[in-house]
Amino acid sequence: DREPVFAVHPTSLIVPPQSELPVMIQFHSRSAGTYTAEHLEFVTPGGNRPRLLLTGSSVAPVVKIYKQEDPFAKGFGVSTSVNFGSIKVGARCDRAVFLQNNSDADLHFQFISDEGGCFKLSKYRGIIPAQLEVSVKFTFSPDRPINYYKRLFVIVEHRLPLFVDLLGTAYISAAGEVKEQRP
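Conventions and cut-offs
- Residues numbered from 1 in each chain as written.
- Predicted model: local features only at pLDDT ≥ 70, side-chain atom pairs only at ≥ 80, totals over all residues.
- Heavy atoms only, no water.
- Core = buried A, V, L, I, M, F, W, Y, C linked by side-chain atoms within 4.5 Å.
- Buried < 20%, exposed > 50% of the residue type's maximum accessible area, 1.4 Å probe, protein only.
- Helix = DSSP H or I, 4+ residues; strand = E, 2+ residues; numbered from the N terminus.
- Polar contact = N/O pair within 3.5 Å; in protein donor to acceptor, adjacent residues only side chain to side chain.
- Contact = heavy atoms within 4.5 Å.
- Pairing = 2+ DSSP bridges.
- Axes fitted to C-alpha atoms, helices over the stretch in contact; angles between N-to-C directions.
- Phe/Tyr/Trp six-rings, centres within 6.5 Å; stacked < 30°, edge-to-face > 60°.
- Lys NZ or Arg CZ within 6 Å of the ring centre and 35° of its normal.

Asker: Help me understand the nonpolar core in this model?
Answerer: Membership of the largest hydrophobic core comes to 28 residues, with the highest contact counts inside it found for Leu-99, Phe-109, Phe-111, Phe-138 and Val-164. Elements supplying a minimum of two residues to this core: β5 (63–67), β6 (81–88), β7 (93–101), β8 (107–112), β9 (119–121), β11 (133–140), β12 (147–156) and β13 (162–171).

Asker: Which parts of the structure should I look at to understand the side chain of Ser-58?
Answerer: Within the fold, Ser-58 resides in the loop between β4 (51–57) and β5. Polar side-chain contacts of Ser-58 include one of 3.0 Å to the side chain of Ser-29. When near neighbours in sequence (up to four residues on either side) are disregarded, Ser-58 contacts Phe-27, Ser-29, Ser-31, Ala-32, Gly-33 and Thr-34.

Asker: Which parts of the structure should I look at to understand the sheet that holds β13?
Answerer: Strand pairing in a sheet relies on backbone hydrogen bonds, with the paired strands running either antiparallel or parallel. If you trace the five strands from one edge of the open sheet to the other, you get β6-β13-β12-β8-β10, paired in mixed fashion. The open sheet has two edge strands with one neighbour each: β6 and β10 (125–128). In this sheet, adjacent strand axes meet at a mean angle of 25 degrees when their direction is disregarded. Pairing analysis gives four bridges linking β8 to β12, with the strands arranged antiparallel. Paired with Ile-112 across the strands is Phe-153, a residue of β12.

Asker: I tried to follow the packing of aromatic side chains on my own but got confused; where do I start?
Answerer: Given two aromatic rings, their pairing is described by the distance between the two centres and the angle made by the two planes. For the structure on display, the rule yields nine aromatic pairs. Relative to Phe-27, the ring of Phe-6 has its centre 5.3 Å away and its plane inclined at 40 degrees; by these criteria the two rings are tilted. Note that Phe-6 is positioned in strand β1 (residues 6–9) and Phe-27 in strand β2 (residues 24–27), a separation of 21 residues in sequence. Between the aromatic rings of Phe-119 and Phe-140, the centroid separation amounts to 5.1 Å while the plane-to-plane angle is 20 degrees, which identifies the pairing as stacked. Of this pair, Phe-119 sits in strand β9 while Phe-140 is found in strand β11, placing the two residues 21 residues apart along the sequence. Across the pair, exposure class does not vary: Phe-119 and Phe-140 are buried alike. A connected cluster of aromatic rings, assembled from ring pairs, spans Phe-84, Phe-119, Phe-140 and Tyr-148. Positioned over the ring face of Tyr-66 is Lys-64, at 5.2 Å from the centre of the ring. Above the plane of the ring of Phe-163 lies Arg-151, whose end atom (NZ or CZ) is 3.9 Å from the centre.

As structure tokens, this is what we get:
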């Protein structure tokens with residue numbers, strides 16, 4: 001009813017009296033973040049049935065999403081939030097976000113996003129090499145004078161999704177001279 005996660009080699013052997021033989025047991029997890037327990041039963045010609053409890057757990061790879069710290073945030077910035085600030089309609093602004101892989105295996109990633117809209121990415125999918133990081137450039141190019149917000153999810157192989165929030169405001173310059181208004 002399910003694939004075995006423990007492999008036992010050899011599966012059959014004869015142990016001479018007063019001796020021992022090694023048995024290799026390997027754990028092959030099917031998904032990250034799981035715990036598995038199974039019983040392995042040895043059957044002897046004399047009718048004994050000693051049992052061995054096999055346990056295994058797997059952890060998800062450690063992947064971090066972050067940006068360069070805003071110097072004005074003074075340590076209180078949110079690493080998964082990218083604020084493009086206020087820019088003029090029709091202008092563009094770029095920011096970089098980094099995906100850091102602290103595991104020993106290369107990992108595939110993919111941003112879940114449509115390709116239209118005012119937030120564009122330099123790459124929507126790729127591979128994060130083991131113990132390294134990759135950068136993704138986000139471009140904000142608004143076409144209307146409103147506030148913009150978008151949450152992008154990042155699917156990373158063998159772990160729960162990550163996310164990054166993108167925020168920006170667009171404005172248009174007032175036509176003519178703007179005079180101070182007082183009540």
